[in-house]
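So you can see what is in the structure, the chains are spelled out below.
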Amino acid sequence: VALGDVGAGDSVVVTFDVAVVSPAPAELSGVTNQAVVSGTNFADVMSDDDNDDANGLNPTTANVTTTPGLALSIKGGATATPGSIVMYEIDYSNSGDVALEDVELTAEVPAASTFDSTQSSSGWRCALDGGAGDTCTLELGDLGGGGQGAVWFATVVDGDIAADSIDFAADV
C-alpha cells in the first residue's frame, strides 16, 4: 500500500483483511503476518504485535479454528430369504470447514450373514473371513470440507438364519 508523505507527528492506520480458504487444511492452526514500513529517508520498520522492543519483533497471529462435520447414513436392508443378497448403501459426508485425512469406514458383518465382495464397492478388507461378526474396512482417503460419497456393502443371508431381523451398523 503506498501511503505517500506522512508528516511529522502524523499517523496512518492500514487495515489488512485476510480470508482463510474453506475448507482449511487440517494442519492450519493460525495465520501470521508482519508488516514492513519503508521509505526513502529512513530504515525499514517492522511491525511488533506486543510493542515490546525487549523481546524482539513479534508478528501478528490470528488463530484459526476449524470444525469437521462428519456424517454417516445407511440405507438398505430388505426382506430376505436364506441365500439372498442384502445391499446396504453407506452415504458419508463432511459438512465441516476442514479437510479430513485418511478417512476409513468400518462395518461389521451382520449376524446370520456373510460379506459379499463381488456385490460390494471395491476395496473392502475384512479382518478374518467375512463371516458374521467380522470387521471390514474401506479406506476412503481424504475428504475435504463439503465432500461426500457413497459406497455399497453387500451380504448374503446364511441358510441357517434363526432371527426375525438382521442388524447392520457402520462407523468412520
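Quick note: structure is the one above.
Being a predicted model, the structure only gives us computed values, none of them experimental.

Participant: Quick question: what am I supposed to make of the nonpolar core here?
Facilitator: Inside soluble globular proteins, nonpolar side chains tend to come together where they are buried. Formed by 18 residues in total, the largest nonpolar core has its most connected members in Ile90, Leu105, Phe115, Trp124, Cys136, Val151 and Phe153. Sorting the residues of this core by element identifies β6 (85-94), β7 (100-108), β10 (135-143) and β11 (148-157) as the ones contributing at least two each. If we ignore the near neighbours within four places in the chain, the residues touching Val151 are Tyr88, Glu89, Ile90, Tyr92, Leu105, Ser121, Trp124, Leu138 and Leu140.

Participant: Would you explain the sheet that holds β6 in this entry?
Facilitator: Backbone hydrogen bonds hold the strands of a sheet together, and the pairing may be parallel or antiparallel. Read from one edge to the other, the open sheet built from four strands follows the order β5-β6-β11-β8, with strand pairing classed as antiparallel. For this open sheet the edge positions go to β5 (70-76) and β8 (113-115), each flanked by a neighbour on one side alone. When strand polarity is set aside, the average angle formed by the axes of neighbouring strands in this sheet is 30°.

Participant: What is the right way to read the packing of aromatic side chains from this model?
Facilitator: Note on aromatic pairs: each is described by the distance of the centres and the angle between the planes. For the structure on display, the rule yields three aromatic pairs. Here Phe115 and Phe153 contribute two aromatic rings whose centre-to-centre distance is 5.0 Å and whose plane-to-plane angle is 40°, an arrangement assigned as tilted. Here the residue Phe115 occupies a position in strand β8, and Phe153 occupies one in strand β11, the gap between them amounting to 38 residues.

Participant: Quick question: what am I supposed to make of the pairing of β6 here?
Facilitator: Regular strands place their side chains on alternate faces of the sheet. As defined by bridge partners, β5 adjoins β6 across seven bridges and the pair is classed as antiparallel. Paired with Gly76 across the bridge in β6 is Tyr88. Note that β6 and β11 share nine bridges and pair antiparallel. If you follow Asp91 over to β11, its bridge partner there is Ala150.

Participant: What should I look at first to understand the pattern of salt bridges in this one?
Facilitator: Pairing between side chains of opposite charge can happen when their charged atoms approach one another. One pass over the structure, following the stated rule, counts three salt bridges. The closest approach of N and O atoms between Glu89 and Lys75, which form a salt bridge, is 3.9 Å. One end of the pair, Glu89, is in strand β6; the other, Lys75, is in strand β5, with 14 residues separating them in the sequence. In this structure, the salt-bridge partner of Asp91 is Lys75, at a minimum N-O distance of 3.0 Å.

Conventions and cut-offs
Residues numbered from 1 in each chain as written. Predicted model: local features only at pLDDT ≥ 70, side-chain atom pairs only at ≥ 80, totals over all residues. Heavy atoms only, no water. Core = buried A, V, L, I, M, F, W, Y, C linked by side-chain atoms within 4.5 Å. Buried < 20%, exposed > 50% of the residue type's maximum accessible area, 1.4 Å probe, protein only. Helix = DSSP H or I, 4+ residues; strand = E, 2+ residues; numbered from the N terminus. Contact = heavy atoms within 4.5 Å. Pairing = 2+ DSSP bridges. Axes fitted to C-alpha atoms, helices over the stretch in contact; angles between N-to-C directions. Phe/Tyr/Trp six-rings, centres within 6.5 Å; stacked < 30°, edge-to-face > 60°. Salt bridge = Lys/Arg side-chain N within 4 Å of Asp/Glu carboxyl O.

Keep in mind that these numbers describe shape and distance, not what the molecule does.
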